[in-house]
Amino acid sequence: MPENTSTPVLPEADAANGAPTGAPARADLRPENIQDAVIRLAGNSQDGIQTAGAFLARLAGRSDHDVMTYMTIPSTISGGPSIFQVRMGTGEVLSAGDEADFLVAFYQHSYQDHIDFLKEGGVLLYDSDNVEPNLDDKRFVYVGVPITGLTVEALGGTAKDKGKNIFVLGLVSKIFNLDVEKLKKLITEKFAGKDESIVNTALMAFQAGYAYPVGNVLTKHYQFEKTEKTGGRAQITMDGNQALAYGLIAAGVRYGAGYPITPWSSIMETLRREFPKYGGIFVQAEDELGAVSLALGFSYSGYLAVTGSAGPGISLKTEAVGWASMAEIPLIICNIQRGGPSTGLPTNVEQSDLHQAIYGGHGDSPRVVLAASTVEDCFYIAIEAARIARKYSTPVFILSDTSLATRIEAFDEPDLSKLMIDPKPDLTPREGGFKPYDLERITQHVPPGTIMRDGKYPLIGGLEHDEMGHPTGSPKLHMAMTAKRRNKLRKLAEEIPVPEVYGDQEGDTLLVGWGSTYGPIHDAVKMGREHGEKIGALHLRHVHPLPNGLEKIFAKYKRIVVVEMNDQGVYGFGQLATILRARYCEPKIQSVTKTDGLTFRVKEILQGVFPGEFVSARGYSPNRPVSGNGEQDVDVARAESIAQGVG
């Protein structure tokens with residue numbers, strides 16, 4: 001594809017002294033306007049690069065810029081190699097970027113592991129106290145700064161291993177002409193409540209980085225184009241777990257219980273802190289079974305409750321979720337997916353819990369499964385889950401993943417005046433003849449303590465039951481109740497809107513995705529269309545039950561390619577693709593899958609969908625074949641996986 005001219009392309013650096021070749025005697029530091037840039041910070045998890053990257057992301061949000069982040073952290077307690085990537089700018093940002101325009105390398109391994117991710121003409125900013133780059137490689141601009149030494153000089157000898165992240169933040173702020181006052185305010189807010197010396201030290205490190213004479217090694221500064229935002233709402237910036245937690249609060253959820261596990265734990269901590277402000281409570285239970293049981297108790301009392309975990313913890317909750325299906329108790333279960341099975345890849349991303357969410361239970365235990373597609377959608381999917389759980393008296397799974405949980409995006413502030421729900425149990429006395437499990441109606445329970453005028457009080461339990469909840473072994477009733485529990489999901493399918501198709505409304509290829517693959521899939525469609533491909537994309541938020549009418553969309557394309565982050569399985573299809581093939585008996589449904597623990601890059605999707613054509617997100621070459629099954633790229637993928645803390 002054509003080179004992206006909106007990102008900076010800098011002159012070559014002189015190998016001897018790092019100064020740009022042909023640089024004028026006095027550097028011209030007038031800023032060059034750019035639309036967006038991908039900045040990757042590479043170091044160790046102990047260096048606070050996530051904090052520095054988060055500052056950049058939150059600044060973008062407060063500056064009405066689009067932003068998306070991507071991070072990897074090691075799963076070991078002792079820490080290790082880590083990255084934080086920020087893509088920010090004035091255009092629509094759907095993915096974190098396939099290549100970096102600006103790479104900050106704190107250590108030699110950071111340089112060696114990530115230099116191939118830097119685009120040609122991009123800037124390598126490295127700590128010259130710890131990194132010796134290969135200056136004979138003329139593809140990049142080299143900017144060596146003694147980051148460690150200058151940080152110690154600015155803060156004192158005790159700062160040898162601290163403060164480098166904020167120093168670099170100041171340096172990046174100077175290069176990209178970022179709003180210094182807003183950044184200082186963010187730093188002050190971040191460390192508010194701590195000792196005043198911590199705030200002062202952070203500000204000193206920032207100022208030292210900002211004051212560094214970067215004009216000695218760069219001929220240009222850069223500045224993001226400004227767009228005047230007319231009307232609309234102010235932007236907010238947060239990660240997916242925060243958005244999901246606040247979405248639950250907006251949906252009127254006030255009670256819940258959980259047990260810590262990566263990457264669910266930050267939702268639990270947010271709810272533990274916020275629920276009491278709204279008259280509720282979140283309980284940390286002794287284990288996963290205790291957590292889901294407590295949540296069921298809250299829901300039984302008339303207050304919709306939430307529990308959550310990652311895949312291993314969801315397995316432990318399975319028996320109680322089956323009880324919720326049988327008793328028809330509304331419940332929200334969040335599964336923030338990570339690599340599996342077992343403890344698997346605790347800090348990496350995967351979408352391999354879809355079958356667990358839909359089918360993970362004994363007997364026929366129907367439940368609803370939703371999947372958030374973006375950080376903003378994490379907020380709204382929680383509201384949708386609560387609506388469905390209440391209306392259909394059913395457990396509802398919300399599937400997110402490590403990518404959504406940790407990445408930061410900016411989006412328009414929700415109109416809480418129209419969204420907030422104040423939950424109150426309906427304790428209105430019920431007239432005679434009330435039956436919670438009426439075969440002709442969707443179950444609606446009465447909270448304990450509600451007066452029953454005829455003196456007949458229903459039961460709730462895990463045994464098969466009649467319409468009043470009394471246990472029964474009747475074959476006829478079991479068949480009828482099984483159908484009742486199943487048919488309410490069919491009723492739900494009738495009201496679910498069919499997703500809109502992005503791109504060509506008919507043609508050769510339709511990409512289908514779910515969850516956090518939304519951005520890369522849409523970017524792949526955009527790039528494919530730029531090269532004449534007749535291609536569209538459809539993204540599913542409601543993955544069980546599926547909305548009615550998908551078959552009419554599928555009929556408009558020659559092939560359907562499902563893009564998902566799980567294994568192709570014994571029969572060659574990913575988990576959603578397997579479900580769609582079973583549902584529609586459609587042999588033109590194919591799969592593009594991956595299990596390296598990393599998010600999809602746009603070029604991976606293009607290579608998988610069009611083998612032998614696309615070789616990068618910015619290049620199109622029919623003469624350079626790429627294997628359709630990905631075998632050719634195994635060594636490259638393995639190298640990047642190890643570099644990003646997966647190996």
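A quick note: this is a predicted structure, and the numbers were derived from the prediction, not measured.

Colleague: Hey, could you run me through the overall build of the protein chain in this one?
Modeller: Within the protein chain one finds 20 helices and 24 strands. Buried positions account for 55% of the 647 residues belonging to the protein chain. Of all intrachain contacts in the protein chain linking residues separated by at least 6 positions in sequence, the fraction that spans at least 24 positions is 71%. Here the protein chain has roughly 27,200 Å² of accessible surface; of this, 51% comes from carbon and sulfur atoms.

Colleague: Would you mind showing me how to read the side chain of Ser-373 here?
Modeller: Along the polypeptide, Ser-373 turns up in the loop between β14 (368-371) and α12 (375-392). Judged by relative accessible area, Ser-373 falls into the buried class, the value being 8%. Among residues more than four places away in sequence, those in contact with Ser-373 are Leu-404, Arg-407, Gly-515, Ser-516, Tyr-518 and His-539.

Colleague: Even after reading the chapter, I still don't get helix α10 (residues 311-327), so can you show me in this structure?
Modeller: Because each turn of an α-helix spans 3.6 residues, side chains separated by three or four positions in sequence point in the same direction. The end-to-end C-alpha distance of α10, which contains 17 residues, comes to 24 Å, matching closely the 24 Å that a straight helix rising 1.5 Å per residue would cover. Its axis deflected by about 50° at Thr-318, α10 carries its strongest bend there. With 12 of its 17 residues buried, α10 lies for the most part within the structure. All buried positions along α10 are accounted for by Gly-311, Gly-313, Ile-314, Lys-317, Thr-318, Ala-320, Val-321, Gly-322, Ala-324, Ser-325, Met-326 and Ala-327. Once α10 finishes, Glu-328 follows within two positions and takes phi at roughly 55°, a positive value.

Colleague: Before we go on, may I ask you to explain unusual backbone geometry in this structure?
Modeller: What you tend to see is this: most non-glycine residues have negative phi, and most peptide bonds are trans. The linkage connecting Thr-262 with the following residue, Pro-263, adopts the cis geometry, with an omega of 0°. One can find Pro-263 in the loop between β10 (255-258) and α8 (265-274). Residue Gly-340 is joined to Pro-341 through a cis peptide bond whose omega torsion reads 0°. Along the chain, the position of Pro-341 falls in the loop between β13 (331-337) and α11 (354-359). One non-glycine residue, Asn-177, adopts positive backbone phi at about 50°.

Colleague: What's the story with the packing of aromatic side chains in this structure? I'm lost.
Modeller: Think of a pair of aromatic rings as described by two things: how far the centres are apart, and how the planes are tilted against each other in angle. Evaluation of the coordinates by the stated rule reveals 11 aromatic pairs. Their ring planes at 75° and their centres at 5.4 Å tell us that Phe-102 and Phe-176 sit as a pair that is edge-to-face. Of this pair, Phe-102 sits in strand β5 (residues 100-105) while Phe-176 sits in the loop between α4 (164-175) and α5 (180-190), and the two are 74 residues apart along the sequence. We note that Phe-102, like Phe-176, is buried. Between the NZ or CZ atom of Arg-40 and the centre of the ring of Phe-117, over which it lies, the distance is 3.6 Å. The residue whose ring lies beneath Lys-594 is Phe-600, and the NZ or CZ to ring-centre distance is 5.1 Å.

Colleague: Explain a nonpolar patch on the surface to me, please; I cannot follow it from the model alone.
Modeller: On the surface, Tyr-278, Leu-416 and Met-420 cluster together to form a nonpolar patch covering roughly 260 Å² of accessible area. Here Leu-416 lies in helix α14 (residues 416-419).

Colleague: Got a minute to help me understand the pattern of salt bridges in this structure?
Modeller: For side chains bearing opposite charge, pairing can occur when the charged atoms are close. All chains considered together, the criterion is met by 29 salt bridges. Residue Glu-384 pairs with Arg-387 through a salt bridge whose shortest N-O separation is 3.0 Å. Of this pair, Glu-384 and Arg-387 are both found in helix α12, 3 residues apart, which corresponds to roughly one turn of the helix.

Colleague: Is there a simple way to explain the packing of helix α7 (residues 240-250) against α12 in this structure?
Modeller: Helix-helix packing is characterised by the crossing angle of the two axes and by the distance between the axes. Between α7 and α12, the shortest axis-to-axis distance is 7 Å and the interhelical angle comes to 25°. Comparing the axis directions of α7 and α12 gives the class roughly parallel. Between α7 and α12 lies a crossing of right-handed hand. Touching Gly-240, Ala-243, Leu-244, Tyr-246, Gly-247, Leu-248 and Ala-250 of α7 are Val-375, Cys-378, Phe-379, Ile-381, Ala-382 and Ile-383, all from α12. Residue composition of the contact of α7 with α12, by class: 11 nonpolar, 2 polar and no charged.

Colleague: Where do I start with the sheet that holds strand β20 (residues 542-544) in this structure?
Modeller: What the 7 strands build is an open sheet, ordered β11-β10-β12-β13-β15-β14-β20; its pairing is mixed. One side of each edge strand has no neighbouring strand; the edge strands of this open sheet are β11 (281-284) and β20. Each strand of the sheet is rotated relative to its neighbour by a mean of 25°, with strand direction disregarded. The pairing of β13 with strand β15 (residues 395-401) spans 7 bridges and is parallel.

Colleague: Is there a simple way to think about the pairing of β5 in this case?
Modeller: Remark: a regular strand shows side chains that alternate across the two faces of the sheet. Among the 6 residues in β5, 6 count as buried, and that is most of the element. Pairing between strand β2 (residues 36-44) and β5: 4 bridges, direction parallel. Bridge assignment links Arg-40 to a residue of β5, and that residue is Leu-103. The pairing of β5 with strand β6 (residues 118-127) spans 5 bridges and is parallel. Residue pairing across strands places Ala-100 opposite Leu-118, the latter belonging to β6. The β-α-β motif built from β5, the intervening helix α2 (residues 108-114) and the parallel element β6 has right-handed crossover chirality.

Colleague: I keep staring at the packing of helix α16 (residues 518-530) against helix α19 (residues 602-609) and nothing clicks. Help me out?
Modeller: One can describe the packing of α16 onto α19 by two numbers: an axis separation of 9 Å at closest approach and a directional angle of 60°. Judged on the interaxial angle alone, α19 and α16 are oblique. Seen from above, α16 lies across α19 with right-handed handedness. Taking contact as the criterion, the partners of Pro-520, Ile-521, Asp-523, Ala-524 and Met-527 in α16 are, on α19, Val-602, Ile-605 and Leu-606. Considered class by class, the residues forming the contact of α16 with α19 number 7 nonpolar, no polar and 1 charged.

Colleague: Any chance you could explain the nonpolar core here in plain terms?
Modeller: One recurring pattern in soluble globular proteins is that nonpolar side chains are buried together. Phe-102, Val-145 and Phe-176 are the most contacted members of the largest nonpolar core, which totals 55 residues. Examining the composition of this core, we find that 8 residues originate from one element, helix α1 (residues 49-62), more than from any other. Setting aside anything within four residues of it in sequence, one finds Phe-176 in contact with Ile-34, Ala-37, Ile-39, Phe-102, Tyr-222, Gln-223 and Phe-224. Of all hydrophobic cores here, the second largest spans 44 residues; its members include Leu-271, Ile-336, Phe-379 and Leu-404.

Colleague: For this particular structure, what's the right way to read α5?
Modeller: Where α5 is concerned, the buried positions are Val-180, Leu-183, Leu-186 and Ile-187. The arc enclosing the buried residues of α5, seen along the axis, measures out at 120°, which places them on a common side. More than 90 degrees from the buried face of α5, the exposed residues found are Glu-181 and Lys-185. The residue sitting at the N-terminus of α5 and contributing the capping side-chain oxygen is Asp-179; that oxygen lies 3.2 Å from the backbone nitrogen of Glu-181.

Rules used throughout
Residues numbered from 1 in each chain as written. Predicted model: local features only at pLDDT ≥ 70, side-chain atom pairs only at ≥ 80, totals over all residues. Heavy atoms only, no water. Helix = DSSP H or I, 4+ residues; strand = E, 2+ residues; numbered from the N terminus. Buried < 20%, exposed > 50% of the residue type's maximum accessible area, 1.4 Å probe, protein only. Contact = heavy atoms within 4.5 Å. Areas by Shrake-Rupley, 256 points an atom, 1.4 Å probe, with all protein chains shown as cover. Expected span 1.5 Å × (residues − 1). Bend = angle between axes of the 7 residues up to and from the residue. Phe/Tyr/Trp six-rings, centres within 6.5 Å; stacked < 30°, edge-to-face > 60°. Lys NZ or Arg CZ within 6 Å of the ring centre and 35° of its normal. Patch = residues over 30% accessible without salt bridge, like charges linked within 9 Å, V, L, I, M, F, W, Y side chains within 5 Å. Salt bridge = Lys/Arg side-chain N within 4 Å of Asp/Glu carboxyl O. Axes fitted to C-alpha atoms, helices over the stretch in contact; angles between N-to-C directions. Parallel < 35°, antiparallel > 145°, perpendicular 65-115°, else oblique. Left-handed = near helix turned anticlockwise from the far one by under 90°. Nonpolar A, V, L, I, M, F, W, Y, C, P; charged D, E, K, R; others polar. Pairing = 2+ DSSP bridges. Right-handed = clockwise from strand over helix to strand, strands pointing away. Core = buried A, V, L, I, M, F, W, Y, C linked by side-chain atoms within 4.5 Å. Arc of directions from axis to C-beta. Polar contact = N/O pair within 3.5 Å; in protein donor to acceptor, adjacent residues only side chain to side chain.

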